[in-house]
Amino acid sequence: MKVLHNHLCSLCNTTKTCFVFTDFEALFSCCKECSEELEQNLSFAEECEDNCSLCGAYKKVKSVEFEDSLFFSDFKICNRCNLHLKLLIESQEEVE
Ligand SMILES: [Zn+2]
Ligand SMILES: [Zn+2]
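Throughout what follows, the structure given in this document is the object of discussion. (Residues numbered from 1 in each chain as written. Chains lettered and ligands numbered in written order. Predicted model: local features only at pLDDT ≥ 70, side-chain atom pairs only at ≥ 80, totals over all residues. Heavy atoms only, no water.)

**Side note on the coordination of the zinc ion (ligand 2)**
Protein coordination at the zinc ion (ligand 2) comes from Cys 52 (SG), Cys 55 (SG), Cys 78 (SG) and Cys 81 (SG), with a distance range of 2.3 Å. Geometry at the zinc ion (ligand 2) is tetrahedral, judged from the 4 donor atoms that bind it and their angles of 103 to 117° at the metal. Each donor residue of the zinc ion (ligand 2) belongs to the same chain, with the gaps between them written as C-x2-C-x22-C-x2-C. On the criterion of sequence distance, the pair formed by Cys 55 in the loop between strand S4 (47–51) and strand S5 (58–65) and Cys 78 in strand S6 (residues 74–78) is long-range, its members being 23 residues apart. For Cys 55, a relative accessible area of 21% gives the class partly exposed. (Donors = N, O, S within 2.8 Å, 3.2 Å for Na, K, Ca; no water. Tetrahedral: all angles 85-135°; square planar, octahedral: opposite > 155°, others 65-115°. Helix = DSSP H or I, 4+ residues; strand = E, 2+ residues; numbered from the N terminus. Buried < 20%, exposed > 50% of the residue type's maximum accessible area, 1.4 Å probe, protein only.)

**A word on the sheet that holds strand S2 (residues 15–21)**
Strand order in the open sheet made by the 3 strands is S1-S2-S3, with antiparallel pairing throughout. Each edge of the open sheet is held by one strand with a lone partner, namely strand S1 (2–8) and strand S3 (28–31). Across the sheet, the mean angle from the axis of one strand to that of its neighbour is 45°, orientation sign disregarded. Contacts from helix H1 (residues 32–44) reach S2 and S3 within the one sheet, and its direction differs from that of S3 by about 95°. (Pairing = 2+ DSSP bridges. Axes fitted to C-alpha atoms, helices over the stretch in contact; angles between N-to-C directions. Contact = heavy atoms within 4.5 Å.)

**Overview of the sheet that holds S5**
An order of S4-S5-S6 is seen for the 3 strands of this open sheet, with the pairing classed as antiparallel. In this open sheet, the two edge strands, each paired with only one partner strand, are S4 and S6. Strand-to-strand, the axes of this sheet are offset by a mean angle of 55°, without reference to chain direction. Here 5 bridges tie S4 to S5, and the two strands are oriented antiparallel to one another. In the sheet register, Glu 47 faces S5, and the bridge partner there is Lys 62.

See below:
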């Protein structure tokens, strides 16, 4: 994962400083605000079975809506990708 300035956030569709993830099947980037919003919303999102937006696997996922997103307006994430995402963001924050 890299942190890039002036990068388009996949979730709010705004150009700002983003975490850019290269570890997932899908090309995905998100800004700090969206990563926090995602984490908050995921804590009370209902689990359902669908394709994870990040790894593409059909499994138990949690779904969060991002109205302004072009590709992830209905963002779904499985537990494994969510943990991985959090770890990457946390390790990045320690470096800063
Ligand atoms: Zn964003
Ligand atoms: Zn996944």
